[in-house]
Amino acid sequence: MELIKGADTARELTARAKEIAGSLPRRPKLVTIRFGEDGSDIAYESSAGKRMVYPADTDPELFFEAFSKVNADPDVDGILVFQPLPPSISAVRLFSEMDPDKDMDCAVPENRLKLFEGRDGVCPCTPEAVMWMIEHAGIELQGRRAVVVGRSLVVGKPLSMMLLKKNATVTVCHSRTKDLAKVCREADVLVAAVGRAKLIDGSFVKEGAAVFDVGINMDADGKLVGDCDISGMEHASYVTPVPGGVGSVTTSVLALHTAEAAAKKLL
Ligand code: NDP
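Below or above, wherever it landed, is the structure these notes cover. The structure displayed is predicted, hence computed values, not measured ones. (Residues numbered from 1 in each chain as written. Predicted model: local features only at pLDDT ≥ 70, side-chain atom pairs only at ≥ 80, totals over all residues. Heavy atoms only, no water.)

1. A word on the pairing of strand β7 (residues 189-192)
Burial of β7 is two-sided: the residues V189 and V191 facing one way and the residues L190 and A192 facing the other way are all buried. Bridge count between strand β5 (residues 145-149) and β7: 4 bridges; the pairing is parallel. From the neighbouring strand, V147 faces β7, where its bridge partner is L190. In the sheet, β7 pairs with strand β8 (residues 210-213) via 4 bridges, with the strands oriented parallel. Looking across to β8, one finds that V191 is bridged to F212. (Buried < 20%, exposed > 50% of the residue type's maximum accessible area, 1.4 Å probe, protein only. Helix = DSSP H or I, 4+ residues; strand = E, 2+ residues; numbered from the N terminus. Pairing = 2+ DSSP bridges.)

If you want it as structure tokens, here you go:
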């Protein structure tokens, strides 16, 4: 079993982003929007650009007024909104108002449609990080079985579309899937995007399968762990660690998206 850390893929993507940025007349500019104080959002954001931070009980009209300025600002190339939003902020309104070209995480309906139709366009950063890691490891997808555990709009569903586009045969699992371990054992490529610490152990993994762990959870000792318990996965071909795996590539994908958005506008 080989441990695939995210660092090499992240370096490659960051280099691409820098190369694109270097060819532009000004630095690409990203704005992140966060409500509340979620620790993992803050960690992700610290590597990003300008921040807009609002309390969870912010006045929607004041927020949308500030948002419309950023959205219309020609110097802003990309916007990333951390989700979930507070109940007072309408996701439907926010993402229907957002400029599709500034949508860095494929949350605007027009961009989602492109993804689900298999057309080219921006993809959500985390599923794209998984796809880059698969490519970097040289794992063939065409005609192979991929099982994605999790069906959220942020990770599981878009990732299943991206795997499908690469001609994998994709199964999507969720909390009502019967005999999850049996379904997972059919996978050549298994992706865990659940949010349950160490739900997936070696008994879910077929000999020679590649396992990608998207999960970010705190265990009972306050330690960061994934959805997979990789200690019993010696029979897998590849596994990704948490931390230092998929999550460490996501920020570089975001940088690449921002550079590409700026290039689309400025070149
Ligand atoms: P959601 O909570 O939105 O979705 C979780 C999915 O897992 C749901 O589809 C749910 O099923 C399914 N699920 C829950 N429990 C089980 C179970 N026991 N068996 C099978 N399926 C189950 O989470 P996200 O998709 O937003 O995130 C998933 C994980 O990825 C989290 O740990 C999150 O922190 C992490 N994450 C990591 C990122 C990174 O950059 N590395 C970025 C984004 C997320 P159902 O639909 O039936 O409820």
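2. Thoughts on the pattern of salt bridges
Following the criterion strictly, the structure yields 13 salt bridges and no others. Close ionic contact of R26 with D77 constitutes a salt bridge, the shortest N to O distance being 2.9 Å. Highlighted residues: R26 in the loop between α1 (7-22) and β2 (30-35) and D77 in the loop between α3 (60-72) and β4 (78-81), separated in sequence by 51 residues. Where D188 meets R144, a salt bridge forms, and the shortest distance between an N and an O atom there is 3.9 Å. With D188 in the loop between α8 (180-184) and β7 and R144 in the loop between α6 (125-136) and β5, the pair connects residues that are 44 residues apart, well separated along the chain. The exposure class of D188 is buried, given its relative accessible area of 14%. A single salt-bridge network, built from bridges that share partners, covers R26, D75, D77 and K265. (Salt bridge = Lys/Arg side-chain N within 4 Å of Asp/Glu carboxyl O.)

3. What about the packing of aromatic side chains?
Scanning the entire structure with this criterion turns up 5 aromatic pairs. Judged by centre distance (5.1 Å) and plane angle (85°), the rings of Y54 and F63 are edge-to-face. For F63, a relative accessible area of 0% corresponds to the buried category. Taken together, the aromatic side chains of F35, Y54, F63, F64 and F67 make up a single cluster linked through ring pairs. Over the ring of F64 we find R93, and its NZ or CZ is 3.8 Å from the ring centre. (Phe/Tyr/Trp six-rings, centres within 6.5 Å; stacked < 30°, edge-to-face > 60°. Lys NZ or Arg CZ within 6 Å of the ring centre and 35° of its normal.)

4. Considering the nonpolar core
Counting 41 residues, the largest nonpolar core has V130, I134, L163, V189 and F212 as the members making the most contacts within it. Among the secondary structure elements, those contributing two or more residues to this core are α1, α6, β5, α7 (156-165), β7, β8 and α9 (247-266). Counting residues per element, this core draws most heavily on α6, at 7 residues. Per-domain counts for this core show at least three residues from each of domain 1 (26-100) and domain 2 (125-248). The residues touching L163, leaving out its near neighbours within four places in the chain, are M131, I134, L141, A146, V148, A168 and V170. (Core = buried A, V, L, I, M, F, W, Y, C linked by side-chain atoms within 4.5 Å. Domains from an automatic or database assignment. Contact = heavy atoms within 4.5 Å.)

5. Considering the site of the ligand
Near the ligand you find 20 residues, and of these R151, S152, S175, I216 and T250 are the closest. In this structure, a nitrogen atom belonging to the ligand sits 3.4 Å away from a main-chain N or O atom of H174. Between the ligand and R196 there is a distance of 3.5 Å, counted from a nitrogen atom to a side-chain nitrogen or oxygen. Burial of the ligand by the protein amounts to 70% of the accessible area it has alone, namely 930 Å². By residue class, the composition of the shell around the ligand is 8 nonpolar, 10 polar and 2 charged. (Near = heavy atom within 4 Å. Polar contact = N/O pair within 3.5 Å; in protein donor to acceptor, adjacent residues only side chain to side chain. Areas by Shrake-Rupley, 256 points an atom, 1.4 Å probe, with all protein chains shown as cover. Nonpolar A, V, L, I, M, F, W, Y, C, P; charged D, E, K, R; others polar.)

6. Remarks on the sheet that holds strand β1 (residues 2-3)
Strand order in the open sheet formed by 6 strands is β1-β11-β8-β7-β5-β6, and the pairing between neighbours is parallel. In the strand order of this sheet, the two ends are held by β1 and β6 (169-173), each with one partner. With 2 bridges connecting them, β8 and strand β11 (residues 238-239) associate as parallel partners. Bridge assignment links V211 to a residue of β11, and that residue is V239. Of the strands in this sheet, β5, β6 and β7 are in contact with α7, which crosses β5 at around 170°. (Axes fitted to C-alpha atoms, helices over the stretch in contact; angles between N-to-C directions.)

7. Describing the pairing of β6
Consecutive side chains along a regular strand alternate between the two faces of the sheet. Where β5 lies against β6, 5 bridges are found, and the strand directions are parallel. Within β6, the residue paired with V149 across the bridge is C173. With α7 bridging β5 and the parallel β6, this β-α-β connection has right-handed handedness. (Right-handed = clockwise from strand over helix to strand, strands pointing away.)

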